[in-house]
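# Coordinate inspection notes
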Amino acid sequence: MLLAAIVVTDLNNAIGINNQLLCHLPADLKFFKATTMGCPIIMGRKTYESIGRLLPGRKNIVITRSSDYKIEGAEIYHSVEAAIKSCTEEKVFIIGGAEIFKQTLPQITEVFRTSIQHSFEADAWFPELKNSDFKMVWEECHAADEKNKFDYCFQKWERFR
């Protein structure tokens, strides 16, 4: 199984504020959907609650410490390890939040990142991708337009094997 992360960050690796994304970027939402479709997605409880619904076309896995937390249609686990072990699919995506990214980064082999070319106020960050561990293998940049307020780049990073 390949463990991947998908994340949208600003120039300072910020990913959110007040349990919300930094901004609304429709191109990133489309990229997220196309990249993760058909694959299990693992997220923390706060990330699930910020999304507010199950994401269709994917097995939704939520990690929480709460033993009585239930979501109709989702799988609930109480540790990252148990959530990952439950997956038999070829590729599994970690989608957040900050604590789940931090716990799983040592196991992640691919990172799909949307880098917003702007700095935002934030209270949650993605761990630094060290050049000794990861290399960018693909990047596609776009200028802001009527739908997307900021310049952004889609990137794929791979762990050195």
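The structure contained in this document is the topic of the report that follows. (Residues numbered from 1 in each chain as written. Predicted model: local features only at pLDDT ≥ 70, side-chain atom pairs only at ≥ 80, totals over all residues. Heavy atoms only, no water.)

## A word on the packing of aromatic side chains
Basically, it comes down to this: Think of it this way: a Phe, Tyr or Trp ring, Trp meaning its six-membered ring, pairs with another when their centres are within 6.5 Å, and the plane angle makes it stacked under 30 degrees, edge-to-face over 60, tilted otherwise. Helical segments are the DSSP runs of H or I of at least four residues, strand segments are the runs of E of at least two, and each set is numbered from the N terminus. Accessibility here uses a 1.4 Å probe with only protein chains present; expressed as a share of the type maximum, an area under 20% marks a residue as buried, one over 50% as exposed, and anything in between as partly exposed.
Inspection of every chain in the model, using the stated rule, returns six aromatic pairs. Plain terms: the ring middles of phenylalanine 31 and tryptophan 138 are 6.3 Å apart, the flat faces sit at 20° to each other, and that makes the pair stacked. Of this pair, phenylalanine 31 sits in helix 1 (residues 26-36) while tryptophan 138 sits in strand 9 (residues 134-142), and the two are 107 residues apart along the sequence. Accessibility expressed as a relative area gives 14% for phenylalanine 31, which makes it buried.

## Some points on the nonpolar core
Nonpolar side chains tend toward joint burial in soluble globular proteins. The following threshold applies: Nine residue types can take part in a nonpolar core, namely buried Ala, Val, Leu, Ile, Met, Phe, Trp, Tyr and Cys, and a core is a set of them joined through side-chain atoms within 4.5 Å.
Membership of the largest hydrophobic core comes to 28 residues, with the highest contact counts inside it found for Ile6, Val62, Phe93, Ile95 and Ile116. One finds Ile63, Ala83, Val92 and Phe126 within the second-largest nonpolar core, a separate group that totals 23 residues.

## Considering the pattern of salt bridges
The criterion, for reference: Every case where a carboxyl oxygen of Asp or Glu lies within 4 Å of a side-chain nitrogen of Lys or Arg is listed as a salt bridge.
Counting across every chain of the model gives six salt bridges. A salt bridge links lysine 91 to glutamate 110, with the nearest nitrogen and oxygen atoms 2.8 Å apart. One end of the pair, lysine 91, is in strand 6 (residues 91-96); the other, glutamate 110, is in strand 7 (residues 110-116), with 19 residues separating them in the sequence. Judged by its relative accessible area of 6%, glutamate 110 is buried.

## Description of helix 1
The condition is simple: Throughout, the arc means that of the directions going from the helix axis to the C-beta atoms.
The set of residues buried in helix 1 consists of Ala27, Asp28, Phe31, Phe32, Thr35 and Thr36. The buried side chains of helix 1 occupy one side of the element, clustering within an arc of 145° when seen end-on. Seen from the open side of helix 1, the exposed residues pointing more than 90 degrees away from its buried face are Lys30 and Ala34. Positive phi shows up at glycine 38, right after helix 1, with a value of about 85°.

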